[in-house]
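So the chains spell out like this:
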Amino acid sequence: RRSSDLRNRFGRPVLPAGQPPTDLLAAMRTGYTRGLTYDLGELSPFERDVLTATMEIPAGQTRSYGWVANQIGRPKAVRAVGSALGRNPVPVLIPCHRVTRSDGTVGDYVFGPDTKQALLVAEHADLPGLRGS
C-alpha cells in the first residue's frame, strides 16, 4: 500500500535499490543527514528553500512552521510551508518530522502523526516540553 501511495504522490514508481547509497545507514542512525545529496529538481524554488531550512534543524530538536517561514524570508507563508513539507521526496532524510505547530503539537506528517511522534521520540526530542515553547 505505501508503494502505491508514494507513486500517486510523486507521479513515478518506487523502485527498490540494489544497495543503499553511501552513508545512508549512518545518516539514518545518527540523524545527521546534511552530508547527503538529494535530487530536488522537481520541486519549486520555494519548496527547495523550505526543505533546505528544514535540514538545519538538529536531531532531537523541533522548530515551528513559522520558524521555517521566517528562515526563508517568507514569514506569512506558514501554511505554504506545510504544503511544501508535504512534497518532501525523502521525508525521513530531510527531517520534516522536526517541524511542529506553534502550539507544540506535532502536526501532520506524510506517514501520519503517530509516526512523526515516534521519530521525534527516537531522536530523544522533549515532546512534553514542546507545548511550553
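Residues numbered from 1 in each chain as written. Predicted model: local features only at pLDDT ≥ 70, side-chain atom pairs only at ≥ 80, totals over all residues. Heavy atoms only, no water.

**Some points on the overall build of the protein chain**
Looking only at helices and strands, the protein chain has seven helices and two strands in total. Counted from the first residue to the last, the protein chain has its helices and strands arranged as α-α-α-β-α-α-β-α-α. Put simply, of all contacts in the protein chain between residues at least 6 apart along the chain, 55% involve residues at least 24 apart. Carbon and sulfur atoms provide 52% of the accessible area of the protein chain, an area that totals close to 8,200 Å². (Helix = DSSP H or I, 4+ residues; strand = E, 2+ residues; numbered from the N terminus. Contact = heavy atoms within 4.5 Å. Areas by Shrake-Rupley, 256 points an atom, 1.4 Å probe, with all protein chains shown as cover.)

**Digging into helix H5 (residues 78–86)**
All of the buried residues along H5 are Val81, Ala84 and Leu85. All buried residues of H5 project into a common sector of 100° when viewed along the axis, lining one side. Looking at H5, the residues exposed on the side facing more than 90 degrees away from the buried face are Arg79 and Ser83. (Buried < 20%, exposed > 50% of the residue type's maximum accessible area, 1.4 Å probe, protein only. Arc of directions from axis to C-beta.)

**Quick notes on the pattern of salt bridges**
Using the criterion set out here, one finds three salt bridges in the structure. Glu47 is the partner of Arg87 in a salt bridge, and the nearest nitrogen-oxygen pair spans 3.0 Å. On the criterion of sequence distance, the pair formed by Arg87 in the loop between H5 and strand E2 (99–100) and Glu47 in helix H3 (residues 45–54) is long-range, its members being 40 residues apart. The partner of Glu123 in a salt bridge is Arg98, and the shortest N-O contact between them spans 2.8 Å. Highlighted residues: Glu123 in the loop between helix H6 (113–122) and helix H7 (127–130) and Arg98 in the loop between H5 and E2, separated in sequence by 25 residues. (Salt bridge = Lys/Arg side-chain N within 4 Å of Asp/Glu carboxyl O.)

**Here we look at the packing of H3 against H5**
The angle between the axes and the distance between the axes are what describe a pair of packed helices. Interhelical geometry of H3 versus H5 gives an angle of 85° and a closest axis separation of 9 Å. Classified by the angle their axes make, H3 and H5 are roughly perpendicular. On H5, the residues that touch Phe46, Glu47, Val50, Leu51 and Thr54 of H3 are Ala80, Val81, Ala84 and Leu85. (Axes fitted to C-alpha atoms, helices over the stretch in contact; angles between N-to-C directions. Parallel < 35°, antiparallel > 145°, perpendicular 65-115°, else oblique.)

**Some details on the environment of Glu56**
Structurally, the position occupied by Glu56 is in the loop between H3 and strand E1 (63–64). Given the relative accessible area of 44%, Glu56 is considered partly exposed. Separated by 39 residues in sequence, Glu56 and Pro95 have C-alpha atoms that sit 9.0 Å apart.

**Some words on the packing of aromatic side chains**
Evaluated as defined, the whole model comprises one aromatic pair. For the pair Tyr109 and Phe111, a centre-to-centre distance of 5.7 Å together with 70° between the ring planes defines the contact as edge-to-face. A relative accessible area of 9% means that Tyr109 is categorised as buried. Residue Phe111 is classed as partly exposed on the basis of its relative accessible area of 24%. For Arg63, the ring lying beneath its charged end belongs to Trp67, and the centroid distance is 5.5 Å. (Phe/Tyr/Trp six-rings, centres within 6.5 Å; stacked < 30°, edge-to-face > 60°. Lys NZ or Arg CZ within 6 Å of the ring centre and 35° of its normal.)

**What about the side chain of His97?**
Here His97 is to be found in the loop between H5 and E2. Overall, the relative accessible area of 1% leaves His97 in the buried class. Among the polar contacts made by the side chain of His97, one reaches the side chain of Glu123 at a distance of 2.8 Å. (Polar contact = N/O pair within 3.5 Å; in protein donor to acceptor, adjacent residues only side chain to side chain.)

**A short note on the nonpolar core**
Grouped together as the largest cluster of nonpolar side chains are 20 residues, with contacts concentrated most on Phe46, Val50, Leu51, Val68, Val81, Leu85 and Val99. Among the elements of the structure, H3, helix H4 (65–71) and H5 are those that each provide at least two residues to this core. Sorting elements by how many residues they give to this core places H3 first, with four residues. With residues up to four places along the chain from it excluded, the contact list for Val81 reads Phe46, Val50, Tyr65, Val68 and Ala69. (Core = buried A, V, L, I, M, F, W, Y, C linked by side-chain atoms within 4.5 Å.)

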